[in-house]
Amino acid sequence: MLQLRRASKNDLEFLIKLDLEEEGYTPSVDDTPVDVEEHCARISGYVHDADKAARVFGDTEDHEQVGGVLCRFRNLKTEPESANNWTFFESIRQFLPDSGRFCEVFNLWVAPDFRRQGLATRLKRQLEIESHRRDIEMIYTHTERTNPHVIELNLKLGYREIRRGPIWDEIGWVSLTKGFI
Ligand SMILES: CC(C)(COP(=O)(O)OP(=O)(O)OC[C@H]1O[C@@H](n2cnc3c(N)ncnc32)[C@H](O)[C@@H]1OP(=O)(O)O)[C@@H](O)C(=O)NCCC(=O)NCCS
């Protein structure tokens, strides 16, 4: 039976693999070798840090994970300007709440055999519940414009498109937000 749950340290290997494989993203041209320790520590933050969260779908019998998603609860007013993509978010400030607080969702993935059964929808809804619990008013996500099915998934969830264009590279990204308070 599949169970949707908060990720634990037992899910780290799965979350790291998911991050490294980057399915659904154009492969990076940056060929700097991955610093494995630094990478593990970064992903581990999504399991342990108060400003981050990770959810997974796991099989209760064989304990295999079949889906996952990561997010970060951000506050542009208190984060240092060196924070990940801070400048980009500042440039789309008019679409974000005055409080500067929002949830950034990424690394959504569902195993091929389990797709089109609503798992991704449920993973994302779970992050909405968590955001709501934290009084966060908006969820932000982006995907490449070559992923129309991911755009459709988000539109079905009530997101709206706010921007198209490059962010930190030349890729055409589609940015979407959902406000719910
Ligand atoms: C994108 C992904 C997470 C979707 O997971 P999923 O569990 O199959 O999604 P859901 O079942 O919740 O889909 C909800 C809706 O999104 C749309 N959708 C999802 N996948 C689709 C596809 N392959 N083709 C067309 N529409 C699709 C449909 O409208 C679907 O509703 P429907 O099945 O009733 O028609 C999954 O395909 C995946 O892991 N892909 C590789 C990684 C990736 O691209 N991640 C996103 C990076 S930004």
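Look a little higher up for the structure.
Residues numbered from 1 in each chain as written. Predicted model: local features only at pLDDT ≥ 70, side-chain atom pairs only at ≥ 80, totals over all residues. Heavy atoms only, no water.

1. With respect to the layout of surface pockets
Of the pockets and cavities examined, the largest pocket occupies roughly 1100 Å³. Of all elements in the fold, only α1 (12–21), α2 (36–48), β4 (101–110) and β5 (138–144) reach the threshold of two or more residues within the lining of the largest pocket. Class assignment of the residues belonging to the lining of the largest pocket gives a composition of 13 nonpolar, 9 polar and 12 charged. Its volume calculated, the second largest pocket comes out at about 820 Å³. Taken together, 30 residues form the lining of the second largest pocket, with L108, A120, H149, V150 and L153 sitting closest to its centre. Listed by contribution, the elements that provide at least two residues to the lining of the second largest pocket are β4, α4 (119–133), β5 and α5 (148–156). Looking at the lining of the second largest pocket residue by residue, the classes come out as 12 nonpolar, 11 polar and 7 charged. (1 Å grid on protein atoms, 1.4 Å probe; cavity = no way out; pocket = protein on both sides within 12 Å on 5 of 7 lines; lining within 4 Å. Points joined across faces, edges and corners; volume = space filled by probe spheres on them. Helix = DSSP H or I, 4+ residues; strand = E, 2+ residues; numbered from the N terminus. Nonpolar A, V, L, I, M, F, W, Y, C, P; charged D, E, K, R; others polar.)

2. Side note on empty space enclosed by the protein
Overall, the coordinates contain 1 cavity of 30 Å³ or more when judged by the stated rule. As a volume, the largest cavity reaches approximately 50 Å³. In terms of lining residues, the largest cavity is bounded by L18, D19, E22, E23, Y25, N107, L108 and W109. Where the lining of the largest cavity is concerned, the elements lending two or more residues are α1 and β4.

3. Some details on the site of the ligand
Residues in contact with the ligand amount to 19 residues; listed here are only the nearest, V110, R116, G118, T121 and E152. Q117 places a main-chain nitrogen or oxygen 3.3 Å from an oxygen atom of the ligand. Between the ligand and the protein, one listed contact pairs an oxygen atom with a backbone N or O atom of A120 at 3.0 Å. For the ligand, the accessible surface in isolation is 910 Å², of which the surrounding protein chains cover 81%. Its atoms largely coinciding with the cavity grid, the ligand occupies the second largest pocket. (Near = heavy atom within 4 Å. Polar contact = N/O pair within 3.5 Å; in protein donor to acceptor, adjacent residues only side chain to side chain. Areas by Shrake-Rupley, 256 points an atom, 1.4 Å probe, with all protein chains shown as cover. Sits in = over half its atoms within 2 Å of the grid points.)

4. Notes on the pattern of salt bridges
Enumeration over the complete set of coordinates arrives at 15 salt bridges. Each of R55, E130, R133 and R134 takes part in a single network of salt bridges with overlapping partners. (Salt bridge = Lys/Arg side-chain N within 4 Å of Asp/Glu carboxyl O.)

5. Description of α4
With 15 residues, α4 ought to run about 21 Å at 1.5 Å a step, and its terminal C-alpha atoms sit 21 Å apart, in line with that. When α4 is considered as a whole, its buried residues turn out to be L119, A120, L123, K124, L127, E128, E130 and S131. In the stretch just after α4, D135 is the one whose phi turns positive, near 60°. (Expected span 1.5 Å × (residues − 1). Buried < 20%, exposed > 50% of the residue type's maximum accessible area, 1.4 Å probe, protein only.)

6. Quick notes on the packing of α1 against α2
At a closest axis distance of 10 Å, the pairing of α1 and α2 adopts a crossing angle of 115°. As α1 runs across α2, the sense of the crossing is right-handed. Contacts between α1 and α2 involve L12, L15, I16, D19 and L20 from the first element and H39, C40, R42, I43, S44 and V47 from the second. Residues belonging to the contact of α1 with α2 are distributed by class as follows: 7 nonpolar, 2 polar and 2 charged. (Axes fitted to C-alpha atoms, helices over the stretch in contact; angles between N-to-C directions. Left-handed = near helix turned anticlockwise from the far one by under 90°. Contact = heavy atoms within 4.5 Å.)

7. A few points about the side chain of D59
Within the element layout of this structure, D59 appears in strand β2 (residues 52–59). A polar side-chain atom of D59 sits 2.8 Å from the main-chain amide nitrogen of E61. If sequence neighbours within four positions are ignored, D59 has contacts with M1, L2 and E64.

8. Focus: the environment of R6
The topology assignment puts R6 in strand β1 (residues 2–6). Accessibility expressed as a relative area gives 54% for R6, which makes it exposed. Taking the C-alpha atoms as reference points, R6 and D49, 43 residues apart in sequence, are found 13 Å from one another.

By themselves, these figures tell us nothing about what the structure is for.
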